Amino acid sequence: MPTNNDADAVGLAVGLVNTWDLLADPPDLIRDVPQIARWLRLHEEPGLEEAAARLTRSDLLRCAFEAPNEGEAVSLLNELLLETGAVPQLSAETRTWKYVPASKRASDVVAAVGARGLLEAIRTDGWERFGICAGTPCRCVYVDRSRNRSRTYCCQLCADRVNQAAYRRRKARGPLEA
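Because the structure is predicted, anything quoted here is derived from the model rather than measured.

(A) Structural context of the nonpolar core. In this structure, Leu61, Ala64, Phe65, Leu77, Leu118, Phe130 and Val143 are the most contacted members of the largest nonpolar core, which totals 31 residues. Looking at this core, the elements with two or more residues in it are helix H1 (4–17), helix H4 (63–66), helix H5 (70–84), helix H6 (106–125) and strand S4 (141–143). Among the elements that take part in this core, H6 stands out by supplying 10 residues, more than any other. With six residues, the next largest nonpolar core counts Cys133, Cys138, Tyr142 and Cys158 among its residues.

Right, here's the structure in full:
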């Protein structure tokens, strides 16, 4: 069962990947340092507040969602942790793992926290829970936490948009002839 800390890290990773939205114009939802800093401060992960001041853009976590299989996703995320120099440390208070990068660059901190969260999601729930929104042209990602593993859209807005388009197509065809 994932801890709140793990869920926060997964939320951070998914949120970071989803800052690129093909439905928006321009698609990059985070376009400057103040926006990035505000986004980082929304997450209650140790080190992000401090890292917000030194942020450089990084969208390295999408690789886990686009990998061809679980082994490749794990390999890419582990490689990302190695690149950041992240060292696992156990918190005595919460008895949870955290990965502290050797560098204090914000991109390394975010990459390490996000990679840890995604690796934990793979460990507890399996990589098959990772998905990319089926609502074309949306390319947002999600981790399916539903009981029946049936999620196909990143959010209700995309699901509604796809369902409304299907309804309009059916309506345009007219009633079925008997």
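Past the structure itself, the notes keep going.
(B) Highlighting the packing of H5 against H6. Closest axis-to-axis distance for the H5/H6 pair is 9 Å, and the angle between their directions is 150°. It follows from the interaxial angle that H5 and H6 lie roughly antiparallel. As for the relative orientation of H5 and H6, their crossing is left-handed in sense. Here Glu70, Ala73, Val74, Leu77, Asn78, Leu80, Leu81 and Thr84 of H5 lie close against H6, whose contacting residues are Asp108, Ala111, Ala112, Ala115, Arg116, Leu118, Leu119 and Ile122. Per-class residue counts for the contact of H5 with H6 are 11 nonpolar, two polar and three charged.

Cut-offs and rules
- Position labels on residues start from 1 in each chain and follow its written sequence.
- Given that this is a predicted model, residues contribute local features only at a pLDDT of at least 70 and side-chain atom pairs are listed and counted only at 80 or more, while totals for whole chains, interfaces and linings are drawn from all residues.
- The basis for every side-chain value is the complete set of heavy atoms in the structure, and neither hydrogens nor water enter the calculation.
- Buried Ala, Val, Leu, Ile, Met, Phe, Trp, Tyr and Cys residues that are joined via side-chain atoms within 4.5 Å together make up what is termed a nonpolar core.
- Note on exposure labels: buried denotes an accessible area under 20% of the residue type's maximum, exposed denotes more than 50%, and partly exposed covers the range between, all computed with a 1.4 Å probe on protein chains only.
- Counting from the N terminus, the helices are DSSP H or I runs at least four residues long and the strands are E runs at least two residues long.
- Orientation is described by axes fitted as lines to C-alpha atoms, over the contacting stretch for helices, and by angles from 0 to 180 degrees between their N-to-C directions.
- Note that the term roughly parallel is reserved for angles under 35 degrees, roughly antiparallel for angles over 145, roughly perpendicular for angles of 65 to 115, and oblique for everything else.
- What makes a crossing left-handed is the near helix being turned counterclockwise from the far one by less than a right angle; a clockwise turn instead makes it right-handed.
- Contacts are assigned to residue pairs that have any heavy atoms within 4.5 Å of one another.
- Polar here means any residue other than Ala, Val, Leu, Ile, Met, Phe, Trp, Tyr, Cys and Pro, which are nonpolar, and Asp, Glu, Lys and Arg, which are charged; Gly is therefore polar.

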